[in-house]
2 protein chains.
Amino acid sequence: MSDAQAPEKRRAPAKEVKNSKEGDERHDAIYRSVSDAIVEQRLKPGARLREDALADVFGISRTGIRKILQRLALEQLVTLTPRRGASVTRPTADEAKDVFDARQLIECGLMPDVARRMSEKEAAELREMARQERQALRSGQQSVAIRLSADFHVRLAQLSGNATLAEFVERLCSRSSLILAVYGHRGHLGCESHDHDDLIGYLETGNGERARAFMSRHLKAIEASLSMFEEEENVPDLQQIFGE
Amino acid sequence: MSDAQAPEKRRAPAKEVKNSKEGDERHDAIYRSVSDAIVEQRLKPGARLREDALADVFGISRTGIRKILQRLALEQLVTLTPRRGASVTRPTADEAKDVFDARQLIECGLMPDVARRMSEKEAAELREMARQERQALRSGQQSVAIRLSADFHVRLAQLSGNATLAEFVERLCSRSSLILAVYGHRGHLGCESHDHDDLIGYLETGNGERARAFMSRHLKAIEASLSMFEEEENVPDLQQIFGE
DNA sequence: GATGGAATTACTGTATACAATAAATGGCAG
DNA sequence: CTGCCATTTATTGTATACAGTAATTCCATC
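The structure displayed is predicted, hence computed values, not measured ones.

What counts as what
- Residues numbered from 1 in each chain as written.
- Chains lettered and ligands numbered in written order.
- Predicted model: local features only at pLDDT ≥ 70, side-chain atom pairs only at ≥ 80, totals over all residues.
- Heavy atoms only, no water.
- Helix = DSSP H or I, 4+ residues; strand = E, 2+ residues; numbered from the N terminus.
- Buried < 20%, exposed > 50% of the residue type's maximum accessible area, 1.4 Å probe, protein only.
- Contact = heavy atoms within 4.5 Å.
- Areas by Shrake-Rupley, 256 points an atom, 1.4 Å probe, with all protein chains shown as cover.
- Buried area = accessible area lost by both parts, 1.4 Å probe.
- Salt bridge = Lys/Arg side-chain N within 4 Å of Asp/Glu carboxyl O.
- Least-squares fit on C-alpha atoms with pLDDT ≥ 70 in both.
- Near = heavy atom within 4 Å.
- Polar contact = N/O pair within 3.5 Å; in protein donor to acceptor, adjacent residues only side chain to side chain.
- Nonpolar A, V, L, I, M, F, W, Y, C, P; charged D, E, K, R; others polar.
- Phe/Tyr/Trp six-rings, centres within 6.5 Å; stacked < 30°, edge-to-face > 60°.
- Lys NZ or Arg CZ within 6 Å of the ring centre and 35° of its normal.
- Pairing = 2+ DSSP bridges.

Draft legend 1. Quick look at the overall build of chain A. For chain A, the helix and strand inventory stands at 10 helices and three strands. Within chain A, the fraction of its 244 residues that count as buried is 48%. The contacts of chain A with a sequence gap of at least 6 include a subset with a gap of at least 24, amounting to 76%. With an accessible surface of roughly 12600 Å², chain A has 47% of that area assigned to carbon and sulfur atoms.

In structure tokens form, the structure reads like this:
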């Protein structure tokens, strides 16, 4: 599996230099790629992320990789240890508690605003997201379902109109996904699959307080579904994980 | 014409500090130095931050400067425009509203926890911070006072025991400082200087609900003290300015 | 003069080379 | 065989060189 998978961008001459959209989008794509891989647990907590290995896989230099790793570290999906490199964050029980307490405070607090601002169109969009999530769960893709569930919560927060709080929720949700991926039960998402649909119902009718209470129970249910046990570590095969 | 001001004035270019400090701490010191300069408005909103210039001033290469700028950008103290470099963020009215709404939700929500966990020692520490803040205000150092006030709010949030929410508050406070520096009235800090002492009183007696309500009024007062006039267009109307 | 456009300059984006440090290896003594 | 120290290797940290792009200047043309 040495080089068969790396596409022709390996050493593309001037001809294809422009192929990578704008360098900026390329970086963003790589960022999302790694972020998704972590959240979907294809990169497991504790896994080391060597810079030149990633640089090889994505065909950019370590400079760009370092930038991406620093961004991931700021969102606490990866842990940066000085002189010893990056690894996928292994969330602790304390962190899990902090994250879910924060979600209680923020996401519940946003529900009245969301209920006030929600329109037909957005409700439909949310229902579609909930549908995809159910489907992923039915087809056994638990990790994907976890990520889709997080996307749902983030979209909801964005509908509040407060970009700052929405960004906080985004960070909390990606950390939650990591927590769920580690401490969650197999076959039990935490979110009951109909929960999100029920929530949309309350929001559609403008019942902010009802939605707030429901969100609170919903988050409590997710947190309660966690079981804290330790994971083993192993060396990830980056080629396989990111290979296309 | 009015050039962007020179960043961070330093008299002695050659410093002994460089060798003794670990590179990591050095970076952090530079980060704080720039962050403080922005929050205290020695670097004004809109000011360009050229990489070479900063590299010269601090005696490290552009690599390190870029890393620091990216971190500042993530905290939204600095705005990074692709291919056009970094500049001090110019907060908008919408952002100000988002930030203060977020503070209402989070800081008020934390008060009961803080009240529950606060001890003698921490109360004393907070009183000392409040004292320094008053002193800075009395001696006319408004910008310094703004930063010290932010420090107070951050320390308070840390006492809640939730590191995640405390970090959010930290970010909100530094952005608030920038907002205050831009939209605040001279000689009016927003925070009445005795407010913080009153708050400590409520917390000391474990009266979380009282503290929450007080914090809410406190933040509303700060926000109300802002004079939100929209900024000039990117192209100023010279006709109007120099007319007649 | 004013205007458009080429040449010049200034600055950012990216890769790479080199230095510093931690990990791994191997050899030697006990 | 085992533990410790020297040496080698692997990997990160930092500076620098180079390429690409926006801004500026300068000149020719109308």
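Draft legend 2. Looking closely at the interface of chain B and chain A. The partner chain A presents 23 residues to the 23 residues of chain B that form the contact. Interface area for chain B against chain A, summed over the two sides, is near 1900 Å², with a carbon-plus-sulfur share of 59%. Of all residues in chain B, the largest losses of buried area upon contact with chain A belong to D98, L105 and F168 of chain B, amounting jointly to 28% of the total for that side. Inspection of the region where chain B meets chain A yields two salt bridges.

Draft legend 3. Representation of the relation of the copies chain B and chain A. It takes a turn of 180 degrees to lay chain B on chain A, together with a shift of 0.1 Å along the axis; the resulting RMSD is 0.2 Å. Given the turn and translation reported, the copies of this chain are related as if by a two-fold rotation axis. Most of the interface of chain B is mirrored in chain A: 100% of its interface residues are interface residues there too.

Draft legend 4. Highlighting the protein's contact with DNA strand D. Around DNA strand D sit 16 residues in total, of which R62 and R66 of chain A together with S61, T63 and R84 of chain B are the nearest. Put simply, 72% of the atoms of DNA strand D that lie within 4 Å of the protein are in sugar or phosphate. Side-chain polar atom of R48 of chain A to a sugar or linking oxygen of DNA strand D: 3.3 Å apart, as the coordinates give it. Every element with two or more residues in the surface near DNA strand D is listed here: β1 (48-49) and α3 (62-74) of chain A. Broken down by class, the residue content of the surface near DNA strand D amounts to three nonpolar, four polar and nine charged.

Draft legend 5. Highlighting the pattern of salt bridges. Scanning the model with the defined rule gives 38 salt bridges over all chains in all. One salt bridge connects R155 of chain B with E125 of chain B, and the closest N-O pair in it is separated by 2.6 Å. A residue pair is termed long-range when its members are at least 10 positions apart, and R155 of chain B in helix α7 (residues 142-158) and E125 of chain B in helix α6 (residues 120-138) qualify at 30 residues. Assessed through its relative accessible area of 22%, R155 of chain B is described here as partly exposed. For E125 of chain B, a relative accessible area of 31% translates into the label partly exposed. Salt bridges here are not isolated pairs; linked through shared partners, they connect E40, R42, R147 and D151 of chain A.

Draft legend 6. Local environment of the side chain of R175 of chain A. Assignment of secondary structure puts R175 of chain A in helix α7 (residues 163-183). Here R175 of chain A falls in the buried class, since its relative accessible area comes to 7%. When residues no more than four places from it in sequence are discounted, the contact partners of R175 of chain A are E75, Q76, L77, E95 and V99 of chain A together with T164 of chain B.

Draft legend 7. View of the environment of D195 of chain A. Residue and element names in this part refer to chain A. Looking at where D195 falls in the secondary structure, it is placed in helix α8 (residues 195-204). Through-space distance from the C-alpha of D195 to that of R217 is 10.0 Å; in sequence the pair is 22 residues apart. The residues contacting D195, other than those within four sequence positions of it, are F214 and H218. Only 2.8 Å separates the side chain of D195 from the side chain of H218, close enough to count as a polar contact.

Draft legend 8. Local environment of the packing of aromatic side chains. This model, assessed by the stated rule, comprises three aromatic pairs over all chains. Measuring from ring centre to ring centre gives 4.0 Å for F168 of chain A and F168 of chain B, while their planes differ by 5 degrees; the resulting arrangement is stacked. Of this pair, F168 of chain A sits in helix α7 while F168 of chain B sits in helix α8 (residues 163-183), which puts the two residues in different chains. Overall, F168 of chain A belongs to the buried group, its relative accessible area being 2%. Residue placement shows R71 of chain A over the ring face of Y31 of chain A; its charged tip is 3.6 Å from the ring centre.

Draft legend 9. Molecular detail of the pairing of strand β3 (residues 85-88) of chain A. Residues and elements named next belong to chain A. For β1 and β3, the ladder comprises two bridges, and the chain directions are antiparallel. Bridge pairing in β3 places R48 opposite S87. Bridge count between strand β2 (residues 78-81) and β3: four bridges; the pairing is antiparallel. Within β3, the residue paired with T79 across the bridge is S87. Linking two consecutive strands that pair antiparallel, namely β2 and β3, is a turn of three residues; a positive phi of about 70 degrees is found at R83 within it.

Draft legend 10. Representation of the sheet that holds β3 of chain A. An order of β1-β3-β2 (chain A) is seen for the three strands of this open sheet, with the pairing classed as antiparallel. In this open sheet, the two edge strands, each paired with only one partner strand, are β1 and β2 of chain A.

Draft legend 11. Region of interest: the protein's contact with DNA strand C. Taken together, 16 residues form the shell around DNA strand C, and within it S61, T63 and R84 of chain A together with R62 and R66 of chain B come nearest. Counting only the atoms of DNA strand C that lie within 4 Å of the protein, the sugar and phosphate share comes to 72%. In the environment of DNA strand C, a phosphate oxygen lies 3.2 Å from a nitrogen or oxygen atom belonging to the backbone of R83 of chain B. Elements with a contribution of two residues or more to the surface near DNA strand C: α1 (23-39) of chain A together with β1 (48-49) and α4 (62-74) of chain B. Here the surface near DNA strand C is built from residues that sort into three nonpolar, five polar and eight charged.

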